[in-house]
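Observations on chain architecture
The residues making up each chain are set out below.
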Amino acid sequence: DAEITQSPRHKITETGRQVTLACHQTWNHNNMFWYRQDLGHGLRLIHYSYGVQDTNKGEVSDGYSVSRSNTEDLPLTLESAASSQTSVYFCASSGLAREQYFGPGTRLTVT
Amino acid sequence: DQQVKQNSPSLSVQEGRISILNCDYTNSMFDYFLWYKKYPAEGPTFLISISSIKDKNEDGRFTVFLNKSAKHLSLHIVPSQPGDSAVYFCAARVVGGGADGLTFGKGTHLIIQP
């Protein structure tokens, strides 16, 4: 069955370190997205991609970057982790249909 | 400025009764709406959606109603079951607006009581 996976599921890092969260989908979807979920905010869009070599900024993109070198993967990089980036991160993908399918999430703690 | 609002952080409903979750939006450019269900430590799962050209969409126990003039949509679950206990997110999308991501509400925690 097609799926979307995220790794690691839990990560603790120190302020100032670079962190990369992985997202891999086997749906063969062109569109991929990164969201963060915080108490009191719901889910907010960080970055998205419509296909290979395409990346776009979302609502809360400062401090994050993504790259899309193939269809299956959209890694999210925190260039210099800050305590404000402690959150749960969700990756999602969508194809021709408008529904997005979400991964299980990565809980990131920045100390 | 929150464009999708779920004003009830939590809702408690007796098993077998109807659950009604509400969502309001402010952006008139939204033309597709979705409901997601989320269990703890899992990602959101798609539940049901509705296009702005419709006012009702039904899938089994789940029905979504859209009132465009009021900028309001609601999700009805009938009958409510214990497995329906979860956080429900309302989401909206602007088609052709540049950003293809979803705008989410803050969620409503539905608790089904036996």
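Structure's up top.
Residues numbered from 1 in each chain as written. Chains lettered and ligands numbered in written order. Predicted model: local features only at pLDDT ≥ 70, side-chain atom pairs only at ≥ 80, totals over all residues. Heavy atoms only, no water.

Remarks on the interface of chain A and chain B
Worth spelling out the cut-off: In this description, contact between two residues means that some pair of their heavy atoms is separated by no more than 4.5 Å. Two parts placed together each lose some accessible area; with a 1.4 Å probe, that loss summed over both constitutes the buried area. Salt-bridge detection follows one rule: a side-chain nitrogen of Lys or Arg within 4 Å of a carboxyl oxygen of Asp or Glu. N or O atoms closer than or at 3.5 Å make up a polar contact, with two conditions inside protein: a donor-capable atom paired with an acceptor-capable one, and, for residues adjacent in sequence, both atoms drawn from side chains. The helix and strand labels rest on DSSP assignments: H or I over at least four residues marks a helix, E over at least two residues marks a strand, and numbering proceeds from the N terminus. In this classification, Asp, Glu, Lys and Arg are treated as charged, Ala, Val, Leu, Ile, Met, Phe, Trp, Tyr, Cys and Pro as nonpolar, and every other residue, Gly included, as polar.
Listed per partner, the contact involves 19 residues of chain A and 21 residues of chain B. In total, about 1600 Å² of surface goes out of reach between chain A and chain B, with carbon and sulfur atoms giving 58% of it. Of all residues in chain A, Leu43, Arg98 and Glu99 of chain A give up the largest surface area on contact with chain B, accounting jointly for 36% of the area buried on that side. Where chain A touches chain B, the interface holds 0 salt bridges. The interface formed by chain A and chain B holds 6 residue pairs in polar contact (both at pLDDT 80 or more) in total. For the side of chain A that touches chain B, the secondary structure elements donating two or more residues are strand 4 (31–38) and strand 5 (42–49) of chain A. Within the side of chain A that touches chain B, the residues separate by chemical class into 9 nonpolar, 7 polar and 3 charged.

A short note on the sheet that holds strand 3 (residues 19–25) of chain A
Residue and element names in this part refer to chain A. Defined as follows: At least two bridges found by DSSP between two strands are what make those strands a pair. For helices, the fitted line uses only the C-alpha atoms of the stretch in contact; every axis is such a line through C-alpha atoms, and the angle between N-to-C directions lies from 0 to 180 degrees.
Across the sheet, 4 strands lie side by side as 1-3-8-7; this open sheet has antiparallel pairing. The strands lining the two open edges of the sheet, one partner per strand, are strand 1 (4–7) and strand 7 (64–66). Each adjacent strand pair in this sheet contributes to an overall mean axis angle of 20°, direction not counted. Where strand 3 and strand 8 (residues 76–78) come together, 3 bridges link them in antiparallel fashion. The partner of Thr20 across the bridge, within strand 8, is Thr77.

What about the layout of surface pockets?
What counts here: Cavities and pockets are defined on a 1 Å grid built over the protein atoms alone: a cavity is a set of grid points where a 1.4 Å probe fits but cannot escape, while a pocket is an open set with protein on both sides within 12 Å along at least five of seven lines, and lining residues are those with an atom within 4 Å of any such point. Grid points are joined across faces, edges and corners, and a volume is the space filled by probe spheres set on the points.
Within this model, the largest pocket holds a volume of roughly 440 Å³. Considering the residues around the largest pocket, the lining is formed by 21 residues, among which Glu59 of chain A together with Gln3, Leu102, Thr103 and Phe104 of chain B are closest to the centre. Those elements that place two or more of their residues in the lining of the largest pocket are strand 5 of chain A together with strand 10 (103–104) of chain B. For the lining of the largest pocket, the element with the highest residue contribution is strand 5 of chain A, accounting for 3 residues. Classifying every residue of the lining of the largest pocket by side-chain character gives 8 nonpolar, 9 polar and 4 charged. Looking at the second largest pocket, its volume works out to about 370 Å³. Residue assignment for the lining of the second largest pocket shows that the elements contributing at least two residues are strand 4 of chain A together with strand 9 (86–93) and strand 11 (108–113) of chain B. With 3 residues, strand 9 of chain B is the single largest residue contributor to the lining of the second largest pocket. For the lining of the second largest pocket, the per-class residue count stands at 7 nonpolar, 8 polar and 3 charged.

Focus: the pairing of strand 3 (residues 19–25) of chain B
Residues and elements named next belong to chain B. For clarity, the threshold we go by: We call a residue buried when its accessible area falls under 20% of the maximum for its residue type, exposed when it is over 50%, and partly exposed in between, using a 1.4 Å probe and counting protein chains only.
Of the two faces of strand 3, the one holding Ser19, Leu21, Cys23 and Tyr25 is buried and the one holding Ile20, Asn22 and Asp24 is not buried anywhere. Sheet topology places strand 1 (residues 4–5) next to strand 3; 2 bridges connect them, and they run antiparallel. Directly across from Lys5, in strand 3, lies its bridge partner Asp24. As judged from the 6 bridges shared by strand 3 and strand 8 (residues 72–77), these two strands associate in the antiparallel manner. When the sheet's bridge partners are listed, Cys23 is paired in strand 8 with Leu73.

Some details on the state of the cysteines
As a reminder of what qualifies: Count a disulfide wherever a pair of cysteine sulfur atoms falls within 2.5 Å.
According to the stated counting rule, one finds 2 disulfides over all chains in the structure shown. Shown here is the disulfide that connects Cys23 of chain A with Cys91 of chain A, its sulfur atoms set 1.8 Å apart. The sign of the S-S torsion, about -70°, decides the handedness of the disulfide formed by Cys23 of chain A and Cys91 of chain A: left-handed. Of this pair, Cys23 of chain A sits in strand 3 while Cys91 of chain A is found in strand 9 (residues 87–94), placing the two residues 68 residues apart along the sequence. The two residues Cys23 of chain A and Cys91 of chain A agree in class, both being buried. The disulfide partner of Cys23 of chain B is Cys90 of chain B, and the S-S distance across this bridge is 2.1 Å.

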